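If you want the building blocks of each chain, they are given just below.
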Amino acid sequence: MKHPGTNNKVFKKINNKFEWSKDNFEKITNILKKYPSNKIQSAVIPLLDLAQRQNKGWLSKNSMERVAETLSMSYIRVLEVATFYSMFNLEPIGKNFVQICRTTPCWLRGSEKLSKVAREVCDTEIGGTSEDEKFTVVEVECLGACCNAPMIQINDDYYEDLDEKNFRKLLIDLKNNKKVNIGSQIGRKSSQPEREF
Ligand code: FES
């Protein structure tokens, strides 16, 4: 399964300078207050998350080195964490990081059809990034919203109760930079039974 979060190599083609933004510097100060002063390395995951968000959704070598320096730990230990968790992308991704759930409940409800739609509309193979860099499309295992299968995640948001038609529209709207509704695409609240609305 090709996924930028399961790539164990450091991406070498792009490695821009990385300094913490003012906002993130303040956030780090607050995060570190939660840990004993001799255990600040325990904050490596929240700091990697901040670095990834600041770096357009992926971790460059310089960004991981900055995390290591901030936490007074060796770069290799930061890299070990970044390569272990698939939530950390080790290569650049598109503006919309589309994760299609393909585990059994979503698969039974048509996730394969969603993958086909994504390949067509985003114009990339699964695991790839579109030429216009608007989309990276990957398949993932259960995202924990099986009641509203099939579902996908784009960046931080879930989109549920999908079918080929509403998913195609969702992707086309994102491609055209239009506002889209997050959550259920058929209007149900939470996971209430479909028959009640
Ligand atoms: S199987 Fe897709 S969210 Fe659980």
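Before reading further, recall that the structure is shown in the block above.
If you're wondering where the values come from, they're calculated on a predicted model, not measured in any experiment. (Residues numbered from 1 in each chain as written. Predicted model: local features only at pLDDT ≥ 70, side-chain atom pairs only at ≥ 80, totals over all residues. Heavy atoms only, no water.)

What about the pattern of salt bridges?
We apply this condition: Whenever a carboxyl oxygen of Asp or Glu lies within 4 Å of a side-chain nitrogen of Lys or Arg, that contact is scored as a salt bridge. In this description a helix means any DSSP run of H or I spanning at least four residues, a strand means any run of E spanning at least two, and both kinds are numbered starting from the N terminus. Under the scheme applied here, a residue whose accessible area is under 20% of the maximum for its type counts as buried, over 50% as exposed, and between as partly exposed, the area being computed with a 1.4 Å probe on protein chains only.
Summed over the entire model, instances satisfying the criterion amount to 13 salt bridges. Here K22 ties to E26 by a salt bridge, and the two come within 3.4 Å at their closest N and O atoms. On the criterion of helical spacing, the pair formed by K22 and E26 is a turn pair, its members being four residues apart in helix α1 (residues 22-32). Overall, K22 belongs to the exposed group, its relative accessible area being 65%.

As for helix α2 (residues 44-54)
Stated precisely, the cut-off is as follows: By definition in these notes, contact holds between two residues if any of their heavy atoms fall within 4.5 Å.
Among the residues making up α2, those that are buried are V44, L47, L48, L50, A51 and Q52. Tucked into the core, α2 has its buried residues touching α1, α3 (61-70) and α4 (75-84). In the stretch just after α2, K56 is the one whose phi turns positive, near 55 degrees.

Looking at the packing of aromatic side chains
In plain terms, the rule: Only centres within 6.5 Å qualify two rings of Phe, Tyr or Trp (six-membered ring in Trp) as a pair; their planes then separate them into stacked at under 30 degrees, edge-to-face at over 60, and tilted for everything else. When the NZ atom of lysine or the CZ atom of arginine is within 6 Å of a ring's centre and also within 35 degrees of its normal, the charge is said to sit over that ring.
Taken as a whole and judged by the stated rule, the model has three aromatic pairs. Look at F18 and W20: their rings are 5.3 Å apart centre to centre, the planes differ by 80 degrees, and that puts the pair in the edge-to-face class. Owing to a relative accessible area of 5%, F18 belongs among the buried residues under this scheme. The class for W20 is buried, based on a relative accessible area of 13%. Ring plane angle 80 degrees and centroid distance 4.9 Å describe the contact between F84 and Y85, whose orientation is recorded as edge-to-face. A cation over an aromatic ring shows up here: K61 above the ring of Y75, its NZ or CZ 5.2 Å from the ring centre.

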